[in-house]
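Here is how the chains run, residue by residue.
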Amino acid sequence: MSLLLDALKRAEQEKLARQAESPPPAAPHTTASMQAANAPNLELQPIAASAGVAARSDAQAAQAVFDAKAATRPAAAAEGGRKGALLAALGAIAVIVIAAGAYVWYSIQTLAPKSLATAGPLRPPAAPTPPPASAMAPSGIGMPTTPPT
């Protein structure tokens, strides 16, 4: 990425340098021959020399790109590791908070008195049944039935 920025800066500097070297734009009444005379002379370079330089600079540029990517990979991997550890810690904290809340809720529910709605209908205690009448009457055993005279 920095190589691209450097190349853009150099191109901008070269553009500004060319504008400073070139004369102001020609007036509309000048002819094409006058403009051609003011144009910079372009020369062709031999093919073998330019191909070798271009190939070498392309190889260097490609190597620089690979080096830049290799340098950023460990930093990105370390950042990914930090994110994973942070997420794991947050997950563990969330589980602990939920478990503690569930424990407190359960404890409160078991200690609270049962309400009438959840305990079911209340019935009054059953009254004791009176003993049968035959049990109340004395039996004749041991007692005379006729009064003494």
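Residues numbered from 1 in each chain as written. Predicted model: local features only at pLDDT ≥ 70, side-chain atom pairs only at ≥ 80, totals over all residues. Heavy atoms only, no water.

Attention shifts here to the overall build of the protein. Of regular secondary structure, the protein possesses five helices and zero strands. Going from the N terminus to the C terminus, the protein shows its helices and strands as α-α-α-α-α. In the protein, which comprises 149 residues, the share counted as buried stands at 0%. For the protein, the computed accessible surface area is about 13,800 Å², with 69% contributed by carbon and sulfur atoms. (Helix = DSSP H or I, 4+ residues; strand = E, 2+ residues; numbered from the N terminus. Buried < 20%, exposed > 50% of the residue type's maximum accessible area, 1.4 Å probe, protein only. Areas by Shrake-Rupley, 256 points an atom, 1.4 Å probe, with all protein chains shown as cover.)

Next up on the list: a nonpolar patch on the surface. Taken together, the side chains of Leu86, Leu87, Leu90, Ile93 and Val97 present a nonpolar region at the surface, about 520 Å² in accessible area. Looking at the element boundaries, Val97 is found in helix α3 (residues 47-111). Residue Val97 is classed as exposed on the basis of its relative accessible area, which comes to 56%. (Patch = residues over 30% accessible without salt bridge, like charges linked within 9 Å, V, L, I, M, F, W, Y side chains within 5 Å. Salt bridge = Lys/Arg side-chain N within 4 Å of Asp/Glu carboxyl O.)

For the rest of this paragraph, the subject is the confidence of the model for the protein. Summing up the model confidence of the protein, the mean pLDDT is 75 and the portion of residues at 70 or higher is 57%. Confidence, expressed as mean pLDDT per element, reaches its minimum in the protein at helix α4 (residues 116-119) with 58 and its maximum at helix α1 (residues 2-21) with 87. (pLDDT = per-residue confidence, 0-100.)

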